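One-letter residues, chain by chain:
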Amino acid sequence: MKTRLATAKDSEEVAAIIKRHAQDDYMGYATFNDTYIKDKMKKNNFFFVAEDSDKIVGCIRASIVDLDLAEIRTLCVDEGYRKKGLATELLQEALKLLREKKMRKVAARSKADNTEVIRLFEKAGFEKEGYFREHYRKGIDIIQMGKFL
Ligand SMILES: CC(C)(COP(=O)(O)OP(=O)(O)OC[C@H]1O[C@@H](n2cnc3c(N)ncnc32)[C@H](O)[C@@H]1OP(=O)(O)O)[C@@H](O)C(=O)NCCC(=O)NCCS
């Protein structure tokens, strides 16, 4: 298994893995297809992927959203590949790139009850910063975490 920065050639597979993990009670209106991913890649978005024999089994997106503020989005690992440290590795790769890009801070959001991903971010040095009640969707609370680089 290896992790690497995705390129435009990966956009179809990247869209597919994000769609596989899209939680329909949480995700927004974006249509995840290769055009959407390619477009994002051109605009300050970096996708890292985890691969097993050329098959993409994990993904993370790092977005530069302001002068020196970045966000982590769409962190996901296929079920059979979990608990092997892949998400942590993807997150570390994304943080490394964001440090190189001289980002000051990185934020990440998740559902407030997603204890697994919250723990993962905390282990990487993120702290809980904000709690948003029924923010994107009725009945679903969101937590925002942050880390200074
Ligand atoms: C959340 C998610 C990305 C985690 O992916 P993952 O690759 O399993 O994460 P990691 O392996 O890095 O860490 C998960 C756990 O495995 C443990 N682990 C890592 N390597 C391990 C190994 N070799 N052996 C045993 N356990 C290991 C980690 O310590 C961690 O344990 P903890 O939860 O008790 O702290 C994945 O479960 C997922 O895709 N979930 C659905 C999508 C989702 O909720 N995404 C977040 C949206 S913001």
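About the thresholds
Residues numbered from 1 in each chain as written. Predicted model: local features only at pLDDT ≥ 70, side-chain atom pairs only at ≥ 80, totals over all residues. Heavy atoms only, no water. Helix = DSSP H or I, 4+ residues; strand = E, 2+ residues; numbered from the N terminus. Rg over C-alpha atoms; globule rule 2.2 N^0.38 Å. Contact = heavy atoms within 4.5 Å. Areas by Shrake-Rupley, 256 points an atom, 1.4 Å probe, with all protein chains shown as cover. Lys, Arg positive; Asp, Glu negative; His and termini not counted. Charge placed at Lys NZ, Arg CZ, Asp CG, Glu CD. Core = buried A, V, L, I, M, F, W, Y, C linked by side-chain atoms within 4.5 Å. Buried < 20%, exposed > 50% of the residue type's maximum accessible area, 1.4 Å probe, protein only. Near = heavy atom within 4 Å. Polar contact = N/O pair within 3.5 Å; in protein donor to acceptor, adjacent residues only side chain to side chain. Nonpolar A, V, L, I, M, F, W, Y, C, P; charged D, E, K, R; others polar. Salt bridge = Lys/Arg side-chain N within 4 Å of Asp/Glu carboxyl O.

A. Representation of the overall build of the chain in the model. In terms of helices and strands, the chain carries 4 helices and 7 strands. Secondary structure of the chain in N-to-C order comes out as β-α-α-β-β-β-α-β-α-β-β. Relative to the globule expectation of 15 Å for 149 residues, the C-alpha radius of gyration of the chain, 15 Å, shows essentially globular dimensions. Dimensions of the chain, computed from the C-alpha atoms along their principal axes, are close to 40 × 35 × 30 Å. Looking at the chain alone, contacts between residues at least 24 apart form 58% of all its contacts between residues at least 6 apart. As displayed, the chain offers around 8700 Å² of accessible surface, 47% of which is attributable to carbon and sulfur atoms. Here the chain contributes 30 positively and 25 negatively charged side chains, and the mean placements of these two sets differ by 2 Å.

B. Structural context of the nonpolar core. Ranked by size, the top nonpolar core spans 30 residues in total, and within it Ile60, Ile72, Leu91, Leu98, Val106, Phe121 and Phe126 carry the most contacts. For this core, the element with the most residues is helix α3 (residues 86-100), which contributes 8 residues. Not counting residues up to four positions away in its chain, the partners in contact with Phe121 are Ile72, Leu75, Leu91, Ala108, Phe126 and Met145. Among the nonpolar cores identified, the runner-up in size contains 13 residues, and Ala6, Ile17, Ile37 and Val49 belong to it.

C. Structural view of the site of the ligand. In the region of the ligand, 18 residues are neighbours, and Lys83, Gly85, Thr88, Arg119 and Lys123 sit closest. Val77 is positioned such that a nitrogen or oxygen atom in its backbone is 2.8 Å from an oxygen atom of the ligand. Arg119 places a polar side-chain atom, nitrogen or oxygen, 2.6 Å from an oxygen atom of the ligand. Surface burial for the ligand is 72%, taken as the share of its 950 Å² of free accessible area covered by protein chains. Of all the secondary structure elements, the ones that give two or more residues to the shell around the ligand are β4 (69-77), α3, β5 (105-111) and α4 (115-123). It is α4 that contributes the most residues to the shell around the ligand, 5 residues altogether. Residues of the shell around the ligand, tallied by class, amount to 7 nonpolar, 4 polar and 7 charged.

D. Quick look at the pattern of salt bridges. Taken as a whole and assessed by the stated rule, the structure comprises 14 salt bridges. Two residues, Arg20 and Asp78, come together in a salt bridge whose shortest N-O distance is 2.9 Å. Placement of Arg20 in helix α1 (residues 11-21) and of Asp78 in the loop between β4 and α3 is noted, with a sequence separation of 58 residues between them. The exposure class of Arg20 is partly exposed, given its relative accessible area of 46%. Owing to a relative accessible area of 9%, Asp78 belongs among the buried residues under this scheme. Taking the shortest distance from any N to any O, the salt bridge between Arg104 and Asp68 comes out at 3.2 Å. Placement of Arg104 in the loop between α3 and β5 and of Asp68 in the loop between β3 (55-66) and β4 is noted, with a sequence separation of 36 residues between them. Assessed through its relative accessible area of 26%, Asp68 is described here as partly exposed.

E. Quick look at the side chain of Lys105. Tracing the backbone shows Lys105 in strand β5. Exposure remark for Lys105: the relative accessible area of 15% places this residue in the buried category. Setting aside residues up to four positions removed in sequence, Lys105 forms contacts with Asp68, Leu69, Ala70, Glu129, Gly146, Lys147, Phe148 and Leu149.

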